[in-house]
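# Report on the structure
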Amino acid sequence: MRGMVVPKDSLGELVSKLSDRYKIFGPKRKGTEWIFGEVESADEMDLRYSTTILPPRKFFLPTSERLFSFRMDGRVEEPEEPDIPALIFGIHSCDLNALLLLDAVFSSGQFPLPSYVKRRERTALVALTCTEVGDHCFCESMGTGPSPAGGYDVLLTDLEGEYLMESGSRRGDEILALARGREASKGDFDRKAEAIERAKSKFKRRVDLRDIDELFLKNLDNPIWERLGEKDLACGLCVNSCPTCFCFDVRDKLDFPMDSGVRYKEWDACVLLEFSQVALGGNFRRDRSARIRQFIGHNLGWGGASQFREFRGKAKCVGCGRCIRYCPAGIDLTEVLKELRGA
Ligand code: SF4
Ligand code: SF4
């Protein structure tokens, strides 16, 4: 793996060169929060961001998208997938690891999702080691941060005044070749390791994952779920902001006079009433308590039965803290876990 050290003030020049090859998305201020949005220069980005409202999964699994249009005479038209190379700049370690988990669902296995696979292939990822830690973050406990072990094309680490740039792929080598700097020394990698250790000491939240599957399965009838169900607003913000939630619904929309239509897919959420609705109005998770148990349980618990543990040996939650940060009812899965442990 190659490494370079570049002065911070040369980042603008690098982004400008990259913008000739890629459509670039980076963290931008939006009011008091941040979003990933299109940028044309490094000045538009805030690389000291805490977390973005929506995770980068929105680029690979849009909130709503047409699968195909159809006509009653049998003609079917699939949308063209644009082939413009994209680059996400400054992706945090938790969000990068979330994409690696989504890959296990949509890129591998028996039924890969072609649009997802294509978008992943055409998108370069420039990751960022977190040197500051947000109030809601617990990625260290989940083994997904503060610095990623792989999965990036380039990894940037802030060494105060300069960045260590590491390549993780051939595309990363090409990006490094555009940068102006010097070859990284062992001392620079030592500085990176120190920056990571400093970041680790800043976490305010930690979770205890010991025997977590059993803990959740043992507590399916714990009264905590009823209490959370009474607080829960079933608004879906937790699921929509979660970088690893991937459930979607498929619907048909017919055009008048019913001779053509569109089949589209859109994000769905296990915390919503309609999610578990089946034929004849049956609903196997009618109560909010059962739905919030599903959200928290799927992310932190009963992983042994989930496809994530099966494929990757990891929990679904990457510890980004968004579901805590944005929940209007103050529901906090790290506190729920503590309560289940009797702490
Ligand atoms: S469950 Fe919450 S903390 Fe975990 S990855 Fe999803 S949004 Fe982030
Ligand atoms: S964000 Fe909070 S209130 Fe809204 S559905 Fe999720 S847990 Fe319930």
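Details of the structure are given in the entry above.
The text that follows walks through the structure, step by step, so that each part is easy to find.

Criteria and cut-off values
- Residues numbered from 1 in each chain as written.
- Chains lettered and ligands numbered in written order.
- Predicted model: local features only at pLDDT ≥ 70, side-chain atom pairs only at ≥ 80, totals over all residues.
- Heavy atoms only, no water.
- Helix = DSSP H or I, 4+ residues; strand = E, 2+ residues; numbered from the N terminus.
- Buried < 20%, exposed > 50% of the residue type's maximum accessible area, 1.4 Å probe, protein only.
- Areas by Shrake-Rupley, 256 points an atom, 1.4 Å probe, with all protein chains shown as cover.
- Lys, Arg positive; Asp, Glu negative; His and termini not counted.
- Charge placed at Lys NZ, Arg CZ, Asp CG, Glu CD.
- Polar contact = N/O pair within 3.5 Å; in protein donor to acceptor, adjacent residues only side chain to side chain.
- Contact = heavy atoms within 4.5 Å.
- Near = heavy atom within 4 Å.
- Nonpolar A, V, L, I, M, F, W, Y, C, P; charged D, E, K, R; others polar.
- Arc of directions from axis to C-beta.
- Core = buried A, V, L, I, M, F, W, Y, C linked by side-chain atoms within 4.5 Å.
- Pairing = 2+ DSSP bridges.
- Patch = residues over 30% accessible without salt bridge, like charges linked within 9 Å, V, L, I, M, F, W, Y side chains within 5 Å.
- Salt bridge = Lys/Arg side-chain N within 4 Å of Asp/Glu carboxyl O.

Take the overall build of the protein chain next. The number of helices and strands found in the protein chain is 14 helices and 12 strands. Seen through its principal axes, the protein chain has C-alpha atoms that stretch 65 × 60 × 40 Å. Considering the protein chain as a whole, with its 343 residues, one finds that 51% of them fall into the buried category. Put simply, the protein chain shows about 16900 Å² of open surface, and 50% of that area lies on carbon and sulfur atoms. Counting 52 positive and 54 negative side-chain charges, the protein chain places the averaged centre of each group 2 Å from the other.

What follows deals with the side chain of E33. Looking at the element boundaries, E33 is found in strand 3 (residues 33-39). When its relative accessible area of 18% is taken as the criterion, E33 is described as buried. A distance of 3.0 Å separates a polar atom in the side chain of E33 from a polar atom in the side chain of R325. When residues no more than four places from it in sequence are discounted, the contact partners of E33 are K28, I53, R325 and Y326.

Turning to unusual backbone geometry, a few remarks are in order. That bond from G145 to P146 is cis: its omega, 10 degrees, falls within 30 degrees of zero. Within the secondary structure, P146 sits in the loop between helix 5 (139-142) and strand 8 (154-158). Note that the residue after F256, namely P257, is joined by a cis bond; omega there is 5 degrees. In this fold, P257 is placed in the loop between strand 11 (248-255) and strand 12 (260-267). At D211, a position not held by glycine, the phi torsion is positive, near 45 degrees.

Quick look at the site of ligand 1 now. Every residue close to ligand 1 is listed here: F138, C242, P243, F295, N299, C317, V318, G319, C320, G321, C323 and L333. Tallied by class, the residues present in the shell around ligand 1 amount to nine nonpolar, three polar and no charged.

Looking now at helix 9 (residues 224-231). Those residues of helix 9 not exposed but buried are I224, W225, L228 and G229. The buried residues of helix 9 all sit within an arc of 135 degrees when viewed along its axis, so they share a single face. Taken together, the buried residues of helix 9 touch helix 8 (212-218), helix 11 (288-300) and helix 14 (333-340).

On to the nonpolar core, then. Grouped together as the largest cluster of nonpolar side chains are 48 residues, with contacts concentrated most on L18, L87, F89, M165 and I175. One finds V271, I296, C323 and L337 within the second-largest nonpolar core, a separate group that totals 31 residues.

Attention shifts here to the pairing of strand 3. For strand 3, the buried fraction is high: five of the seven residues fall into the buried class. Across seven bridges, strand 2 (residues 23-30) lies against strand 3 in antiparallel orientation. Note on strand 3: the bridge partner recorded for I24 is V39. Turn length for the strand 2-strand 3 hairpin, with the two strands adjacent in sequence and antiparallel, is two residues, and the turn residue G31 shows positive phi of about 60 degrees.

As a further point, take the pairing of strand 12. Where strand 4 (residues 64-71) lies against strand 12, seven bridges are found, and the strand directions are antiparallel. By the bridge assignment for strand 12, F70 is matched with G261. In textbook terms, the turn of a hairpin is the stretch between consecutive antiparallel strands, and for strand 11 and strand 12 this stretch comprises four residues, one of which, M258, has a positive phi near 65 degrees.

On the secondary structure map, I24 appears in strand 2. By relative accessible area, I24 is classed as buried at 2%. In sequence terms I24 and S41 are 17 residues apart; their C-alpha atoms lie 8.8 Å from each other. Apart from the residues lying within four places of it in its own chain, the contact partners of I24 are V15, L18, S19, G37, E38, V39, L87 and F89.

As a further point, take the site of ligand 2. In the vicinity of ligand 2, 13 residues are found, and the nearest of them are D232, L233, C235, C238 and C327. In terms of residue class, the shell around ligand 2 is built from 11 nonpolar, one polar and one charged.

Residues M72, L254 and M258 make up a contiguous nonpolar surface patch of roughly 310 Å² in combined accessible area. Residue placement: M72 occurs in the loop between strand 4 and strand 5 (76-77).

The final tally for this structure, using the stated rule, is 31 salt bridges. Notably, a salt bridge pairs D153 with R171, separated by 3.6 Å at the nearest N-O pair. Residue D153 is located in the loop between helix 5 and strand 8, and its partner R171 is located in helix 6 (residues 170-178); the two are separated by 18 residues in the primary sequence. Its relative accessible area of 23% is what places R171 among the partly exposed residues. What you see here is one network of salt bridges that share partners, running through E65, E81, R119, R122 and K265.

So far we have only geometry, and geometry alone does not tell us how the molecule works.
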